Amino acid sequence: MAREEFRHALADLRTAVVEMGELVLERLKAALSALAEGDDDRAEAVIEGDETVNRRYLDIEADCIDLFALEQPVAGDLRLVAASFKISTDLERVGDLATNLARYALSSRPDPFPELDISGIGRAAADMLEDALAAYETEDAAACRTVAGRDDDLDAMCQRASERVARDLLERDPEIDAWALERLIDDVASVLLTIRDIERVGDHAVNIAARTLYALEGEPELIY
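The sections below set out a description of the structure shown in this document. (Residues numbered from 1 in each chain as written. Predicted model: local features only at pLDDT ≥ 70, side-chain atom pairs only at ≥ 80, totals over all residues. Heavy atoms only, no water.)

Details of the overall build of the protein
So, step 1. Scanning the protein from terminus to terminus reveals eight helices and zero strands.
So, step 2. Start at the N end of the protein and walk to the C end: the helices and strands fall as α-α-α-α-α-α-α-α.
So, step 3. Dimensions of the protein along its principal axes, counting C-alpha atoms only, are 75 × 35 × 20 Å.
So, step 4. Considering the protein as a whole, with its 224 residues, one finds that 43% of them fall into the buried category.
So, step 5. By sequence separation, contacts in the protein at least 24 residues apart represent 84% of the contacts at least 6 residues apart. (Helix = DSSP H or I, 4+ residues; strand = E, 2+ residues; numbered from the N terminus. Buried < 20%, exposed > 50% of the residue type's maximum accessible area, 1.4 Å probe, protein only. Contact = heavy atoms within 4.5 Å.)

This is the structure we're talking about:
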């Protein structure tokens, strides 16, 4: 592969990763909307679209393997190809998390704990993912560090929400009938899983920022 062709291949790889990220972000936002609104049709569409994300991931994986095998990139180019592959893996996992959230939307009652701002927590995670993808696309090292710095805030939001669910459970009427108790336990499990998966979206956003920073500067500070 001629050097100019290789540069074009790298640009195409970056574009493919960005486009996959846009697809995953769209699915994540749709799943969060389905959760907030109890929209079964939207949730079903997210679930049915998971295969599209998986195909994008496999295409990017194949492109990265070809670049490794045919060109044997070095230094910065090697880091970019490796980072792009790792980022596509994180995006595929966010796609899986979006599918999980859509399934929770189908199985749970809308707003079983209305005092929780699940939508706000979801927006915070989605914003982190969007900003991490923008940092990768524009090669913005400072933005990578900013995204990573927001993870503690998201973790704190998730922790407070989980603790609020636990307090709510303890404060419920101890004379609750068996059917209502079973439904309550289902609601608690669904909400806690929702919070957990939203927190994981933030973790993957940090991973994307970390790999981008490593590709740009050879700096592993956010990876460990």
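Further notes follow.
Here's the deal with the packing of helix α1 (residues 3-37) against helix α4 (residues 75-107)
So, step 1. Orientation of α1 relative to α4, taken along the N-to-C sense of each, is 15°, at an axis distance of 9 Å. The orientation of α1 relative to α4 falls into the category roughly parallel. Note on packing geometry: the crossing formed by α1 with α4 is left-handed.
So, step 2. Class assignment of the residues belonging to the contact of α1 with α4 gives a composition of 21 nonpolar, five polar and six charged. (Axes fitted to C-alpha atoms, helices over the stretch in contact; angles between N-to-C directions. Parallel < 35°, antiparallel > 145°, perpendicular 65-115°, else oblique. Left-handed = near helix turned anticlockwise from the far one by under 90°. Nonpolar A, V, L, I, M, F, W, Y, C, P; charged D, E, K, R; others polar.)

Quick notes on the packing of aromatic side chains
So, step 1. The full count for this structure, using the stated rule, is one aromatic pair.
So, step 2. Directly above the ring of Tyr 136 sits Arg 14, whose terminal nitrogen or CZ lies 5.1 Å from the centroid. (Phe/Tyr/Trp six-rings, centres within 6.5 Å; stacked < 30°, edge-to-face > 60°. Lys NZ or Arg CZ within 6 Å of the ring centre and 35° of its normal.)

Re unusual backbone geometry
So, step 1. Located in the positive-phi region is Glu 139, a residue other than glycine, with phi close to 60°.
So, step 2. For Glu 139, a relative accessible area of 45% translates into the label partly exposed.

Topic: the nonpolar core
So, step 1. Counting 65 residues, the largest nonpolar core has Leu 28, Leu 91, Leu 101 and Leu 129 as its most contacted members.
So, step 2. Counting residues per element, the ones that place at least two in this core are α1, α2 (40-48), α3 (50-71), α4, α5 (118-138), α6 (141-149), α7 (151-171) and α8 (178-217).
So, step 3. Take this core: its biggest share by element is 15 residues, from α1.
So, step 4. Beyond its immediate sequence surroundings of up to four residues, Leu 101 is in contact with Leu 28, Ala 31, Leu 32, Leu 35, Thr 194, Asp 197 and Ile 198. (Core = buried A, V, L, I, M, F, W, Y, C linked by side-chain atoms within 4.5 Å.)

Things to note about the environment of Ala 126
So, step 1. Locating Ala 126 in the fold gives a position in helix α5.
So, step 2. The sequence separation of Ala 126 and Leu 91 amounts to 35 residues, and the corresponding C-alpha distance is 12 Å.
So, step 3. Excluding its chain neighbours within four sequence positions, the residues that come into contact with Ala 126 are Leu 25, Leu 28 and Leu 32.

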